[in-house]
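Summary of the model geometry
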Amino acid sequence: MPTLEALFDAARPHAGRTQWSAPTCRSTTTRLTIHTQFPAVSLPIHVRIPDWVAGPATIRINQAPMAGAAPQAGAYTTISGQWHEGDTIDLTLPMALHTVPLPHDDSIVAILDGPIVLAGDMGTSGIADMPRDAAGQGAYFRVPNPPAPGIIAQTAADILPHLQPVAGKPLTFMLSGIARPSDITLRPFYQITHDRYTVYWKLYDDAGWQAHAAAAGPAEVAREARQARNVDEVYAD
């Protein structure tokens, strides 16, 4: 399990070391282990509870539930006590699929699993053999653009029932039935490097999608015609 260590100032009398055990895949629990060279360390620990939590966040100290009010989403909670070598704090943050709208436009949304942005994987058709270094990015302008996908849904809430986990592929989902022009696989944005992808999804009704699809073809033809007329290209670094 990957770890992230935070070192405290060794000059202070409560010097110690904390070790975070980060969650993997869809694990929702992170463990903080206290390491100290002193018999006891008096140290308040402030933990922020993110606002994407899908249920009550829980904190356990040495396997026992922390006393006091339940942690609130979008705020810090303080864990105080006398800490000893090997003490543990387990922080559980439930995560679930949800959508986030574009500011000022609820008809365009992103899809996330907890804090993880999911991108629609549009494959590598036409670009599989293209240069991947920054110096060769201009070549992509000469490749036909695939149609931008959309979703047939009245509200963002209508999307979630159509997302199903892909067996054997953590954090990967299939969006079925309402994606246009076809079903599409969503996976973590950070995993996509050289594929085409989409992160923001436009919501349409059936008539709106048909109008969009009808306009997309001529628009791409016009773009390709403009590109064909170019006699030279300059790209600023």
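Residues numbered from 1 in each chain as written. Predicted model: local features only at pLDDT ≥ 70, side-chain atom pairs only at ≥ 80, totals over all residues. Heavy atoms only, no water.

Turning our attention to the environment of Pro161. Following the sequence through the fold, Pro161 ends up in the loop between β14 (150-152) and β15 (163-165). Exposure remark for Pro161: the relative accessible area of 56% places this residue in the exposed category. For the pair formed by Pro161 and Leu97, sequence separation is 64 residues and the distance between their alpha carbons is 9.8 Å. (Helix = DSSP H or I, 4+ residues; strand = E, 2+ residues; numbered from the N terminus. Buried < 20%, exposed > 50% of the residue type's maximum accessible area, 1.4 Å probe, protein only.)

Scanning the model with the defined rule gives 3 salt bridges in all. Linking Arg31 and Asp90 is a salt bridge whose minimum nitrogen-to-oxygen distance equals 2.7 Å. With Arg31 in strand β3 (residues 29-36) and Asp90 in strand β10 (residues 88-92), this residue pair connects regions lying 59 residues apart in the sequence. According to the relative accessible area criterion, Arg31 is partly exposed, its value standing at 32%. As a salt-bridge pair, Asp195 and Arg187 come within 3.3 Å of each other at their nearest N and O atoms. Connected via shared salt-bridge partners are Asp121, Arg187 and Asp195. (Salt bridge = Lys/Arg side-chain N within 4 Å of Asp/Glu carboxyl O.)

Grouped together as the largest cluster of nonpolar side chains are 19 residues, with contacts concentrated most on Ile111, Ile151, Ile159, Leu163, Leu175, Leu186 and Trp201. Of all the elements in the fold, those that place two or more residues in this core are β12 (105-113), β13 (116-123), β16 (173-175), β18 (184-188) and β20 (200-204). Look past the residues within four positions of Leu175 in its chain and what remains in contact with it is Ile151, Ile159, His162, Leu163, Asp183, Ile184 and Leu186. In terms of nonpolar packing, the next biggest core, distinct from the first, is built from 16 residues, Ile34, Ile59, Met66 and Ile89 among them. (Core = buried A, V, L, I, M, F, W, Y, C linked by side-chain atoms within 4.5 Å. Contact = heavy atoms within 4.5 Å.)

What follows concerns unusual backbone geometry. Cis geometry is adopted by the peptide bond preceding Pro181, which originates at Arg180 and carries an omega value of 10°. Relative to the elements of secondary structure, Pro181 occurs in the loop between β17 (179-180) and β18. At Gln63, a position not held by glycine, the phi torsion is positive, near 75°. Tracing the backbone through its elements, the reader meets Gln63 in the loop between β6 (58-61) and β7 (64-65). In this model, His104 sits at a positive phi of 70°, which is unusual for a non-glycine residue. Turning to its location among the elements, His104 is positioned in the loop between β11 (97-102) and β12. For His104, a relative accessible area of 87% gives the class exposed.

Inspection of the sheet shows β12 paired to β13 by 3 bridges, in the antiparallel sense. Considered in β13, the bridge of Ile111 is made with Leu118. Where β12 hands over to β13, the hairpin turn is made up of 2 residues, of which Gly114 adopts a positive phi near 65°. Here β13 pairs with β18 via 3 bridges, running antiparallel. Residue pairing in the sheet places Gly120 in a bridge with Leu186 of β18. Bridge analysis of β13 against strand β19 (residues 196-198) gives 3 bridges, and the strand direction is antiparallel. (Pairing = 2+ DSSP bridges.)

Residues at a pLDDT of 70 or more form 76% of the chain, whose mean pLDDT is 81. Across the chain, β16 holds the top mean pLDDT of 96, while strand β1 (residues 3-7) sits lowest at 33. Under a pLDDT of 50 for its full length, residues 1-16 has, in the predicted model, 37 contacts with residues more than four places off or in other chains. (pLDDT = per-residue confidence, 0-100.)

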